[in-house]
Structures are given as structure tokens and as C-alpha cells.
Amino acid sequence: MLRVRQAPKANMFGPLSVRFKLCKQYAEKRMRNQIRVARERQGASAMKVRTSTTRIFLTLGIFVFLMAAMAGSGISGQVKIGCAQTAWYFAEGYTGGDFDTWILVQNPNSLETSVHLKFMKPEGEPVTMDLAMAGDTRKTVYLNSVPGLENTEVATTVTCDSGGIVVERAMYFDYKLDGIDRAGGHAAIGAPNLSCYWFLPEGCTRGSFNTYVLLLNPNPEPASVELKLMLPEGGNYYMFHLDMPAECRRSVRLNDLVWTEGTSNVIAAGVQTATTENPPAQPKQVSFDETDVSVWVLSNKPIVAEHSLYYDYYGKRGGSSSMGLPAKSSTWYMPEGYTGSDFDTYVLVQNPNGTQANVTFSFYTNPSGVTAATEPVQPPVPAGLTQVNATIGPWGRFTLRLNDVPDLTSREVATRIDSDIPVVAERSMYFNYGGNDDGDLGGGSPRIYSTWHLAEGYTGGAFDTYVLFMNPYGNWQKVTATFMTPDGEPVVKEYLLAPYCRATIHVDEIAGLENTDVSTSLVAVPAPAPDPAAANEIPPAGDAGIVAERAMYFKYDGKAGGSCSIGLGE
């Protein structure tokens, strides 16, 4: 029986049910936000803490089973959650216009830690903030209310003194351009490390699409940055140059770029178009205002790169954002995907190599029975390509619309990508979720991990939060989910996941988590198949590991949309 993704729930808590309320001083300063603030937010400071939860119970349909129903199976027990990541970086952020930016911090360790935030703007001194976090909790910072961050582009670094944290950023907006309002939201996990290389497979400047590359140089020295732009047909890349001061944030709109042969193609500070110093008499030019495009960011200093898109996709007006990917890989995993209802799902693959890449797409869907595993299916044969491989030319970019794959009609679907040479992959979705028109963007994971952390999540008001995870192995796995709230005891539940399939948890349906911030940690271990005759069977020594993402759909201050982000795997 096919599981249909649900429409957003009604707001059971009335129009004043909320995430946060700004402090009185800030509310007086921004009178136009008072109605939104009263409806959407609760609390009394820039650092917002939401409501607590109680113990929970969840049944996850068909192929994921509560371990309580398998007492005596030999696979129960305590699972230790922890995280050792002490630094996170974000290039994107904006508090001007009709944009709201939030930083979400999860402490999945049992010990308290001190957290330090530094906010960097296109110019001026950085702004700092400190906060203390108890163990097994999460907290939220609203950047618009931080003194010194009014009406500005802003990049963020977050560090902690001990243990480890997981940090994400969420933004809600109404992006107005050319008479079109693109209202929605997006979320992204931060970069856990700086890098001299960043890859951005998705990008589009056609029609009403606008694509931005966001850069953060958190170093005390300037950085010299190159952008290599790649088109679908491949065969060549087109390089632009820009300089970044120390502790600075830059934004580049790809729609404005024009590459000119024989010039330095420098993107000057505060100017999107590249300069053309002493061009040839009749230089070759390449415009990036009506095309799909991928970007490779190279820097002489370790930096951070993201990209954001704002669009009107067949009436779905919104935006999406994702952290860049710091390395190529021959394998990529993407748990989220849906082709039913009014959802369109695309997989984008960038080939940042000087040779052709042969790529295989495999898809894992929900099994039709409680014990049957669903085998991967292959996409149809694209024109001129082999049955198994899609061919991507040197310096090229390839797009596959999953809705066009016959075996994937109206299915929840996870994707695995294999290539004969290292490539980079992302997934893009456009949807109407119960009236919420928007889209989301997420990079894949090049690795499978036994532990995953998802910092963001909210179930109050008209917010719906889903946790998506896939089992790419041939054995069953027990997945222990730990849900953490701003205060109160963590809630732990256990599920069984069949081989070669994917699962969805609708967090809002868990009793006690109906109106709260929530972070999630997942731990996977091998498990026997759910055979009642083998209740006392010793768990097999199979492969342990999953890949996890989180999706959210919302109505926020009249902005209806959705977002998705990969988790932190350890």
C-alpha cells in the first residue's frame, strides 16, 4: 500500500500558537512584525527557547516496526548519542527586506557546553554572541534581533568549547524581483570544515530563476577566489575571479555574469558583472542569463561557499538553498524524494573533470509488504545513452527528472548515484504541499554512517517536520531515534528498516511532540528480519549504517513553503 504524503495539519492551537515572540524593545522597533511575532514566536529574547515535550509513541507504517512489538528479539538496549564537531560555518544569511534568518544549535551530548557565534557582514566589524547549552538540548538564535545585524547580508561561524554541536540555518522570505513575489523558506546544515574547493551542481538562470553564490572568508587574511562555471553540454568551463577581504561575506548573482575571452573576468566588489579589461577586437562571449549552470569554487585560502535559488517554477514561487560540497565522490546517497501529488523531483550531477563520466542511478522505494525488500530500479534509457549509464561530458552537468522514470510514478524514493569517475550530486524538488508552493535543494552524502544528527525541526502551528532515512544495505537494521527539545528529557524510539528501502517519520504525529522545537539523532545497528519464529535470534553481523535528511513544510507570516537538509553523519 502506497504511503501518500500528508497535507499540512490544521493549527490546533489557534492563531496565537507560535514559535517565538521578540523582546519588547525589538518589537517596538519593528512594528510591522508585531502580528507575525505574536502568531509565530514565543519567548523573550534574541535567543529563543521553545516548549518542552513528554514521552512519545509512534507507529511508522508497513516496513518500519516498533521494537516494543518485538520484545525478546535480542536487539534492544541503550544507544549512546554523541557528537564531536566543534565548529560550523554559514555563508548565507540576510536580515533586510522581508527576510528572517535563524541559527539552530543542537547539543546531542550529555554535558553542558559554551557556544560562541560570530557574524560577518560585507563590510564592518564582526558581531559576536555567546550562549550556554545544557546537554541533550537545542536552542535557536534569531539574527534579525541581534544588535548590529539589522538590514544586512550576514555570514555566521558557530563554535563550542567542549563536546560537540550540530548547527543549521533557516530562512523565511519574500524575494521580490521583476514584479514577482517568491515567498517561502529554506534551510541548510552548516559546513563543518573550511575548504579550498567547493562544488555547486545546481544552478539555473532561465526564466524567473535567479541563482546566487554566497562566499564566506573567515580568515584574518584576504582570499583570492575563482569561480569555474560549467554548462550542461560540457566541453569547457568559464572562469571568473574575485578578491575577498578578511572576515568578509560576498554574494554573486550568476544571472549577471558574462564571460569574455581574453580578459581577466574580474567580479569587482559590489558589482555582479565581470569587468573586461582590454578585450580582443571581436572576443568570444558566453552569457549566463538563460541556462542551467554548475559552479566549482576554488580559493587560495580555506573558505565556505553556498548557493541560493529564487524562482517561479510553473506557479510554484519560492526559493531553496544548500551548502556547497567540498569534494567529489564516485557514490552519492539522497534519502528524500517524492514524485506523487504535485511534487517534481530532480537529481543534478556535475562532472568537474576533463574526461567523460558514466553514471548509474539506482532508486530505493518503500516495500509493498512487511518483510519484502524492494530492489533498486533503473531509469529508462535517455536518448543516445546506454541502458545503465548516463553520460556526462567533460566539465558538464546532467539533470534527471525522477517523475519521468516509469517505475517511480507517485512514489517516495531515495537515490543512489554511482560513477566511474568522481562527480558531485544534488537533488532539487518543487512542490505544492497542501497549498504550500515552494521548493527545496539538498546535497547528497558521499558516505553511509551509523549515526546521524538533524538540528532543525518544529511541529507547532502550521509547521510539519519529517525525518527521512534510507537503508542501502542488504540486511535489516534497527534505527534508534532520539528526539531532543529545548528542555525536558529526550524521547527515544526504535524502528526496523528493511534492506534496500527508505522510511519517513512524520514527527508531528508523535504524541507529546505536537508543538515544539525538536532536534533528532539516529543510530543504526544490524538487526534480524522481523520473523516471529526467530524472536530469540542473535542479531547478524551485517552492515550498519543509513543516510538521513529532514524536510519541513510551513506557513510562516504568510509565507507558505518548505525546506530540506541532509544531516551530519558520524
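A brief look at the structure comes next. All values derive from a computational prediction rather than experimental measurement.

1. Focus on the overall build of the protein
At step 1: Within the protein, the secondary structure is distributed over 2 helices and 36 strands.
At step 2: When the 570 residues of the protein are sorted by exposure, 61% land in the buried category.
At step 3: Put simply, of all contacts in the protein between residues at least 6 apart along the chain, 79% involve residues at least 24 apart.
At step 4: About 20200 Å² of surface is accessible on the protein, with carbon and sulfur atoms providing 53% of the total.

2. A closer look at the packing of aromatic side chains
At step 1: Following the criterion strictly, the structure yields 37 aromatic pairs and no others.
At step 2: Ring geometry for Tyr-94 and Phe-99: centres 5.1 Å apart, planes at 70°, overall edge-to-face.
At step 3: Of the residues examined, Tyr-94 reaches a relative accessible area of 27% and is grouped as partly exposed.
At step 4: The cationic tip of Lys-228 hangs over the ring face of Tyr-237; the distance from NZ or CZ to the ring centre is 4.3 Å.
At step 5: Across the ring face of Trp-296, the terminal group of Lys-228 is positioned such that the distance to the ring centre comes to 4.8 Å.

3. A word on the pairing of strand β26 (residues 413–433)
At step 1: Among the 21 residues that make up β26, 16 are buried, leaving the element largely enclosed by the rest of the structure.
At step 2: One ladder, built from 8 bridges, connects strand β22 (residues 343–351) with β26; its direction is antiparallel. Among the inter-strand pairings, Leu-348 is bridged to a residue of β26, identified as Glu-426.
At step 3: Bridge count for strand β23 (residues 357–365) against β26 is 7 bridges, and the pairing is antiparallel. Of the residues in β26, the one forming a bridge with Thr-360 is Asp-418.
At step 4: When β26 meets strand β27 (residues 436–443), the two strands line up antiparallel, connected through 8 bridges.

4. With respect to unusual backbone geometry
At step 1: Even without a glycine there, the phi angle at Asn-265 is positive, about 50°.
At step 2: Assignment of secondary structure puts Asn-265 in the loop between β15 (258–260) and β16 (266–267).
At step 3: Overall, the relative accessible area of 1% leaves Asn-265 in the buried class.
At step 4: Even without being glycine, Asp-557 reaches a positive phi, approximately 55°.
At step 5: Structurally, Asp-557 is set in the loop between β34 (547–556) and β35 (559–566).
At step 6: Taking the relative accessible area as the measure of exposure, Asp-557 reaches 23% and is therefore partly exposed.

5. Here we look at the layout of surface pockets
At step 1: What the largest pocket holds in volume is close to 610 Å³.
At step 2: Lining the largest pocket are 36 residues; nearest its centre among them are Pro-192, Leu-325, Pro-326, Pro-446 and Ile-566.
At step 3: Contributing elements (two or more residues each) for the lining of the largest pocket: β9 (180–189), β10 (195–200), β20 (316–323), β27, β35 and β36 (568–569).
At step 4: Considering only residue class, the lining of the largest pocket consists of 20 nonpolar, 14 polar and 2 charged.

6. Observations concerning the sheet that holds strand β32 (residues 501–506)
At step 1: What the 4 strands build is an open sheet, ordered β32-β29-β34-β35; its pairing is antiparallel. One side of each edge strand has no neighbouring strand; the edge strands of this open sheet are β32 and β35. Between one strand axis and the next, the sheet turns by 15° as a mean value, whatever way the strands run.
At step 2: Examined bridge by bridge, β34 and β35 share 8 bridges and lie antiparallel to one another. Bridge assignment links Tyr-556 to a residue of β35, and that residue is Lys-559.

7. Description of the environment of His-506
At step 1: Tracing the backbone through its elements, the reader meets His-506 in strand β32.
At step 2: Taking the C-alpha atoms as reference, His-506 lies 9.6 Å from Thr-459; in sequence the two are 47 residues apart.

8. Details of the nonpolar core
Side chains that are nonpolar tend, in soluble globular proteins, to be buried together.
At step 1: Leu-227, Phe-288, Val-297 and Phe-469 are the most contacted members of the largest nonpolar core, which totals 99 residues.
At step 2: It is strand β19 (residues 294–313) that contributes the most residues to this core, 6 residues altogether.

9. Some words on the pairing of strand β4 (residues 113–120)
At step 1: As judged from the 7 bridges shared by β4 and strand β5 (residues 127–133), these two strands associate in the antiparallel manner. Following the sheet pairing, Leu-117 is matched in β5 by Met-129.
At step 2: Between β4 and β5, which follow one another and run antiparallel, lie 6 residues, and Gly-124 among them has a positive phi close to 95°.
At step 3: Here β4 runs beside strand β7 (residues 155–160); their pairing, made up of 6 bridges, is antiparallel. Looking at β7, one finds that Lys-118 is bridged to Thr-157.

10. Concerning the environment of Val-413
At step 1: As for its position among the elements, Val-413 is in strand β26.
At step 2: Classification of Val-413 by relative accessible area gives buried; the value is 0%.
At step 3: Excluding residues within four positions of it along the chain, Val-413 makes contact with Pro-335, Glu-336, Gly-337, Tyr-338, Phe-363, Tyr-364, Thr-365, Leu-402, Leu-408 and Arg-502.

About the thresholds
- Note that residues are indexed from 1 along each chain, following the sequence as it is written.
- Reporting of local features is limited, given that this is a predicted model, to residues whose pLDDT is at least 70; pairs of side-chain atoms are given and counted only at 80 or more, and all residues count toward the totals for whole chains, interfaces and linings.
- Side-chain figures throughout are based on the complete set of non-hydrogen atoms in the structure, without hydrogens or water.
- Strands are runs of DSSP state E lasting at least 2 residues, helices are runs of H or I lasting at least 4, and numbering of each runs from the N terminus.
- The classification of residues rests on relative accessible area computed with a 1.4 Å probe and restricted to protein chains. Under 20% of the type maximum is buried, over 50% is exposed, and intermediate values are partly exposed.
- Two residues qualify as a contact provided that any one of their heavy atoms is within 4.5 Å of a heavy atom in the partner residue.
- For accessible areas, the Shrake-Rupley method is used with a probe of radius 1.4 Å. Any residue's cover is judged against the shown protein chains and nothing else.
- The aromatic pairing rule takes the rings of Phe, Tyr and Trp, using the six-membered ring of Trp, and pairs them if the centres are within 6.5 Å, calling planes under 30 degrees apart stacked, those over 60 edge-to-face and the rest tilted.
- Both a distance and an angle decide whether a charge sits over a ring: NZ of Lys or CZ of Arg must be within 6 Å of the ring centre and within 35 degrees of the ring normal.
- Two strands are said to pair when DSSP picks up at least two bridges between them.
- Both site types are read off a 1 Å grid over the protein atoms alone. A 1.4 Å probe that fits but cannot get out defines a cavity, while an open set with protein on both sides within 12 Å along at least five of seven lines defines a pocket; lining residues have an atom within 4 Å of a point.
- Grid points are joined across faces, edges and corners, and a volume is the space filled by probe spheres set on the points.
- Under the scheme applied, nonpolar residues are Ala, Val, Leu, Ile, Met, Phe, Trp, Tyr, Cys and Pro; charged residues are Asp, Glu, Lys and Arg; polar residues are all the others, including Gly.
- To define axes, lines are fitted to C-alpha atoms, for helices over the stretch in contact only, and angles between the resulting N-to-C directions are given on a 0 to 180 degree scale.
- Each nonpolar core is a collection of buried residues, namely Ala, Val, Leu, Ile, Met, Phe, Trp, Tyr and Cys, held together in the definition by side-chain atoms within 4.5 Å.

Worth remembering: the numbers are spatial, not functional.
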